[in-house]
Amino acid sequence: LVASPTADGRITSWLTTTPLPEARTDAAAVAVGGFLYVIGGAGSDGTARANVYMAAIGSDGSLGTWTEIPALPAPRRGLAAAIGMNEIMAVGGKAADGIPRRDVFRCKLADSNGGLTAWSVGNFPYDFYIWDHSIVCCGAGFVVLGGEDIWLLSISCEDADHRTILAQGLSGRLQRWKILSLK
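Residues numbered from 1 in each chain as written. Predicted model: local features only at pLDDT ≥ 70, side-chain atom pairs only at ≥ 80, totals over all residues. Heavy atoms only, no water.

## Focus on the pattern of salt bridges
Opposite charge on two side chains permits pairing when their charged atoms draw close.
Right, on to step 1. Inspection of the entire model under this criterion finds 9 salt bridges.
Right, on to step 2. For Asp-8, the salt bridge goes to Arg-10, with nearest N and O atoms at 2.9 Å.
Right, on to step 3. The exposure class assigned to Asp-8 is exposed, which follows from its relative accessible area of 55%.
Right, on to step 4. Ionic pairing is found between Arg-101 and Asp-97, a salt bridge with its closest N-O pair at 2.9 Å.
Right, on to step 5. Accessibility expressed as a relative area gives 24% for Arg-101, which makes it partly exposed.
Right, on to step 6. The network of salt bridges with common partners includes Glu-22, Arg-24, Asp-45 and Arg-49. (Salt bridge = Lys/Arg side-chain N within 4 Å of Asp/Glu carboxyl O. Buried < 20%, exposed > 50% of the residue type's maximum accessible area, 1.4 Å probe, protein only.)

Structural data, given as structure tokens:
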């Protein structure tokens, strides 16, 4: 669905646009350079997928034809993604076996036609596994907000308040994440 904001900030009526090639839930999405990317997620059978799809965004917000581009190194659902320093970072999620992972997948924007480089793989520190969260690029870093998490350091098993924040600076390489708390 697509809708446009009016001059006074209201949203126009929602209209249908080009559907994804297959049903998808729990996917991550980012928009950059006139393209929308849908990353991972679960198919209609509930199984995590590694597919990444890209579509051009029209001036009216409509979407062009979806194209399948380089897939994630492994299937993930419930992951989050953000764009910063000309790259996409996809973080966490659950694998096809339903087990949470701490992977950090990164790729660069390769060209003005929306192409991406191959994905590289890193990990969260602290044996921290997260899913159903959000990630944003703000200022000089990425910030991960909320979600479900499991700590595997013999500390605790769930962050029931969903208030843990992880932050990472931007330098073109994966740096140590900092744990902040709103508690």
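## Some details on the sheet that holds strand 5 (residues 80–84)
Right, on to step 1. If you trace the 4 strands from one edge of the open sheet to the other, you get 5-6-7-8, paired in antiparallel fashion. Two strands in the sheet have a free side with no partner beyond their single neighbour: strand 5 and strand 8 (120–123). Across the sheet, the mean angle separating the axes of adjacent strands is 25° when strand polarity is ignored. (Pairing = 2+ DSSP bridges. Helix = DSSP H or I, 4+ residues; strand = E, 2+ residues; numbered from the N terminus. Axes fitted to C-alpha atoms, helices over the stretch in contact; angles between N-to-C directions.)

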